[in-house]
Amino acid sequence: MRALLVYPEFPDTFWSFKHALKFVRKGASTPPLGLVTVAAMLPGDWELRLVDLNVAKLTDKDLEWADAALVSAMVIQRDSARQVIARCKQAGLTVVAGGPLFTMEPDEFPEVDHFVLNEAEITLPPFLSDLAQGRAQRMYTTTEYPDIRLSPTPLWELIDLGKYASMAIQFSRGCPFNCDFCSVTALLGHRPRVKTTQQILAELNGLYALGWRDRVFFVDDNLIGNKKYLKEDLLPALAEWRKGKTGMPFNTEASINLADDEELMRLMHAAGFDEVFIGIETPADDSLAECSKKQNRNRDLVADVKKLQRAGLQVQGGFIVGFDSDTPSIFGQQIEFIQRSGIVTAMVGILQAPPGTKLYERLAREGRVTGPASGDNVDGATNIIPRMSLDALKTGYRSVLEHLYAPEHYYARVKTFLQEYQAPSISVPIDFTQIMAFFRSIFHLGIVGRERRHYWKLFGWTLLRRPRLFPVAITLAIYGYHFRQVVELHLG
Ligand code: B12
């Protein structure tokens, strides 16, 4: 069997980092970890080829070569996934689809021959065995969650590492919390399941052996779901593993209660973590109560963010407007909160209801779902009828994005953050790509960009006051350029 593994294209969105990636001449921020993991579970005698449309083209030659196409996607890749499937079918390939998009919306893809849904550790083996016996069915699903200690090491050999800004590895799946808008728990459950430290070290060693020294993203839904194992096993082992090695800083996703645990923050810093994405959502307590985000309630969220920054963890934040409890004052509150906290990478979205979530069920019951969610939180669209008028919501939303990403406010936030941030324990060795990115930033941001005044002010201030953070400052200036392009693209 010749199998073509295809990853559809991401549109130009907040998290695509497309405009920032140009500075480092990379095609995409992270590789398709789902596909390289699935690849490692396929029979050893299959021939495999992987095409990630974010870094390469799907050619007619690829299609002629293959017998079957294995497609993975998340909701944001829906349009590209449709095109890929149509092209593969036209070329006469058998199409097998899996991953979060298809798991949540299989009915949207009538052309797919076989759906292998949920987590492949459970659904792929019966599919493969049926296929071998010539009686593969259309749909393989499960309500069980696999023990990921049995998950194989991803087949990194299938991708061209040089095309990506960071690599991805996964330590845990699932999240203990209950936020009603999030599809993670619908897909992966509440009980955090973890890999063993040995598995993680094997994955890291694999990447290191292939010459990777750049960033590694721990793509966990919530890294701190199992604090005990982290503190007693994984984090000390990672700190030990680092000895005698260079580079490979880590970033991840976690919940805000990380700020309550000094020891955990210290261990993460020592293990090489320097960035953490946190769903902050809103400073409005009524809205947090409404979406069952109890872990964010009854605490000083700004103080928590600063604690994390001082512990050497840059906080990236997700924010939402459009909860039923939101009043028109929410827009100003969000701006004030984000500026004060120094969360530079602040993804603000209008509330959407992804299928499979509690929010979706509630709003569907109330007749307030208007269609599928776009999956792009920053496109100013929603699939729900909000309590506030849609016009007021969109206008308010636009004012938040315009404010946050105007150079004046963006650079002010960078400075607020750098004043607080403890320098990371690990840095990426300076190479030609970074030197070129630095010169491109001087040209695009410091000479031709409308942010040039702010760029040079930050440049000088950082060199004088926080010289060790200079690379972080330049990286954030480049991110700001990307965010502004995306905001302008979406809001016109
Ligand atoms: C890393 C990640 C990202 C990275 C993307 C990395 C990449 N290149 O793919 C970044 C940060 C860019 C990202 C962004 C977004 N993400 Co995201 N992301 C994740 C995260 C945390 C991990 C994905 C991952 O690598 N998992 C590890 C691999 C091993 O798991 P997997 O891909 O699911 O694969 C398994 C199975 O699904 C299956 N499988 C997968 N593919 C295939 C294919 C075949 C043929 C088969 C048989 C099986 C199979 O087998 C694998 C092993 O079990 C997931 C949550 C999660 N835990 O999965 C969310 C998740 C995928 N993201 C999600 C969303 C919504 C987004 C955003 C839209 C969020 C936003 N607020 O804007 C953006 C959109 C992207 C964009 N460019 O705009 C949703 C998707 C929901 C959906 N129904 O599609 C998830 C599930 C999180 C959530 N909140 O629900 N994301």
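Attention here is on the structure that accompanies the text. Predicted model, so just to flag it, every value in this text is computed and none were measured.

1. Observations regarding the sheet that holds strand β5 (residues 114-116)
Then, in step 1: Within the open sheet, the six strands sit side by side as β2-β1-β3-β4-β5-β6. Their pairing is parallel. Unpaired on one side and paired on the other, β2 (47-52) and β6 (139-140) mark the two borders of the sheet.
Then, in step 2: Each of β1 (2-7), β3 (68-72) and β4 (94-98) touches helix α4 (residues 78-90); the most contacted strand, β4, lies at about 155 degrees to it.

2. Things to note about the site of the ligand
Then, in step 1: The full set close to the ligand counts 42 residues, and Y7, T13, S183, D221 and G375 are the nearest of them.
Then, in step 2: One of the side-chain N or O atoms of E121 is found 2.6 Å from an oxygen atom in the ligand.
Then, in step 3: Within the contact set of the ligand, a nitrogen atom lies 2.5 Å away from a side-chain nitrogen or oxygen of D221.
Then, in step 4: When residues of the shell around the ligand are traced back to their parent elements, those giving at least two are α2 (33-39), β3, β4, α5 (100-104), α6 (120-132) and α7 (184-188).
Then, in step 5: Ranked by residues supplied to the shell around the ligand, first place goes to α2 with four residues.
Then, in step 6: Class assignment of the residues belonging to the shell around the ligand gives a composition of 24 nonpolar, 13 polar and five charged.

3. A short note on unusual backbone geometry
Then, in step 1: Positive phi, normally seen in glycine, also occurs at S292, with a value near 60 degrees.
Then, in step 2: As for its placement among the helices and strands, S292 is situated in the loop between α11 (285-290) and α12 (301-310).
Then, in step 3: For N298, which is not glycine, the phi torsion reads 55 degrees and is therefore positive.
Then, in step 4: With respect to the element layout, N298 can be found in the loop between α11 and α12.

4. A word on the nonpolar core
Then, in step 1: Among the nonpolar cores identified, the biggest contains 121 residues, and F218, L238, L258 and F273 are the most heavily contacted of them.
Then, in step 2: Ignoring sequence-local partners within four residues, the contact set of F218 consists of I169, F171, I200, L223, L234, L238, F250, N251, T252, E253 and F273.
Then, in step 3: With 24 residues, the next largest nonpolar core counts A69, A81, V95 and A97 among its residues.

5. Points about the side chain of D261
Then, in step 1: For D261, the location among the structural elements is in the loop between β11 (250-254) and α10 (262-271).
Then, in step 2: Within the local environment of D261, its side chain forms a polar contact with the side chain of K231, the two groups lying 2.7 Å apart.
Then, in step 3: When residues no more than four places from it in sequence are discounted, the contact partners of D261 are K227 and K231.

6. Some words on the pattern of salt bridges
Then, in step 1: Tallying each qualifying case throughout the model produces 36 salt bridges.
Then, in step 2: Between D62 and R49 there is a salt bridge; the shortest N-O distance is 2.9 Å. With D62 in helix α3 (residues 60-65) and R49 in strand β2, this pair connects stretches of sequence that are 13 residues apart.
Then, in step 3: Looking at D62, the relative accessible area reads 9%, which means it is buried.
Then, in step 4: A salt bridge links E420 to K306; its shortest N-O distance comes to 3.7 Å. Of this pair, E420 sits in helix α16 (residues 407-420) while K306 sits in helix α12, and the two are 114 residues apart along the sequence.

7. Digging into helix α18 (residues 452-465)
Then, in step 1: Along its 14 residues, α18 runs 20 Å from first to last C-alpha, staying within 8% of the 20 Å computed at 1.5 Å per residue.
Then, in step 2: Those residues of α18 that fall on the buried side of the exposure criterion are H454, Y455, L458, F459, W461 and T462.
Then, in step 3: Taken together, the buried residues of α18 touch α16, α17 (432-447) and α19 (470-491).

8. Focus on the pairing of β11
Then, in step 1: Within β11, four of the five residues are buried, which leaves it mostly tucked inside the rest of the structure.
Then, in step 2: Looking at chain direction, strand β10 (residues 215-218) and β11 are connected through three bridges and run parallel. When the bridges of β11 are listed, F218 appears paired with T252.
Then, in step 3: Remark: the β10/helix α9 (residues 227-242)/β11 crossover connection has right-handed handedness.
Then, in step 4: The pairing of β11 with strand β12 (residues 273-281) spans five bridges and is parallel. Bridge pairing in β12 places T252 opposite V276.

9. Comments concerning a positive patch on the surface
Then, in step 1: Together, K415, R453, K457 and R465 make up a positively charged patch on the protein surface.
Then, in step 2: Take the positive patch: its biggest share by element is three residues, from α18.
Then, in step 3: When its relative accessible area of 55% is taken as the criterion, K457 is described as exposed.

10. Side note on the side chain of D274
Then, in step 1: Positionally, D274 belongs in strand β12.
Then, in step 2: Judged by its relative accessible area of 5%, D274 is buried.
Then, in step 3: Sequence-distant contacts of D274, defined by excluding residues within four places in its chain, comprise R215, P249, F250, G312, L313, Q314, Y421, P424 and I426.

11. What to know about the sheet that holds strand β13 (residues 314-321)
Then, in step 1: Spatial strand order, β7-β10-β11-β12-β13-β14: six strands in an open sheet with parallel pairing. For this open sheet the edge positions go to β7 (166-169) and β14 (346-350), each flanked by a neighbour on one side alone. For this sheet, the mean inter-axis angle between neighbouring strands, taken without regard to orientation, is 20 degrees.
Then, in step 2: Contacting β7, β10 and β11, helix α8 (residues 197-209) runs over the sheet at an angle of about 155 degrees to β7.
Then, in step 3: Against the sheet, helix α13 (residues 330-341) engages β12, β13 and β14, with an angle of about 180 degrees to β13.

Reading the values: the criteria
Residues numbered from 1 in each chain as written. Predicted model: local features only at pLDDT ≥ 70, side-chain atom pairs only at ≥ 80, totals over all residues. Heavy atoms only, no water. Pairing = 2+ DSSP bridges. Helix = DSSP H or I, 4+ residues; strand = E, 2+ residues; numbered from the N terminus. Contact = heavy atoms within 4.5 Å. Axes fitted to C-alpha atoms, helices over the stretch in contact; angles between N-to-C directions. Near = heavy atom within 4 Å. Polar contact = N/O pair within 3.5 Å; in protein donor to acceptor, adjacent residues only side chain to side chain. Nonpolar A, V, L, I, M, F, W, Y, C, P; charged D, E, K, R; others polar. Core = buried A, V, L, I, M, F, W, Y, C linked by side-chain atoms within 4.5 Å. Buried < 20%, exposed > 50% of the residue type's maximum accessible area, 1.4 Å probe, protein only. Salt bridge = Lys/Arg side-chain N within 4 Å of Asp/Glu carboxyl O. Expected span 1.5 Å × (residues − 1). Right-handed = clockwise from strand over helix to strand, strands pointing away. Patch = residues over 30% accessible without salt bridge, like charges linked within 9 Å, V, L, I, M, F, W, Y side chains within 5 Å. Areas by Shrake-Rupley, 256 points an atom, 1.4 Å probe, with all protein chains shown as cover. Lys, Arg positive; Asp, Glu negative; His and termini not counted. Charge placed at Lys NZ, Arg CZ, Asp CG, Glu CD.

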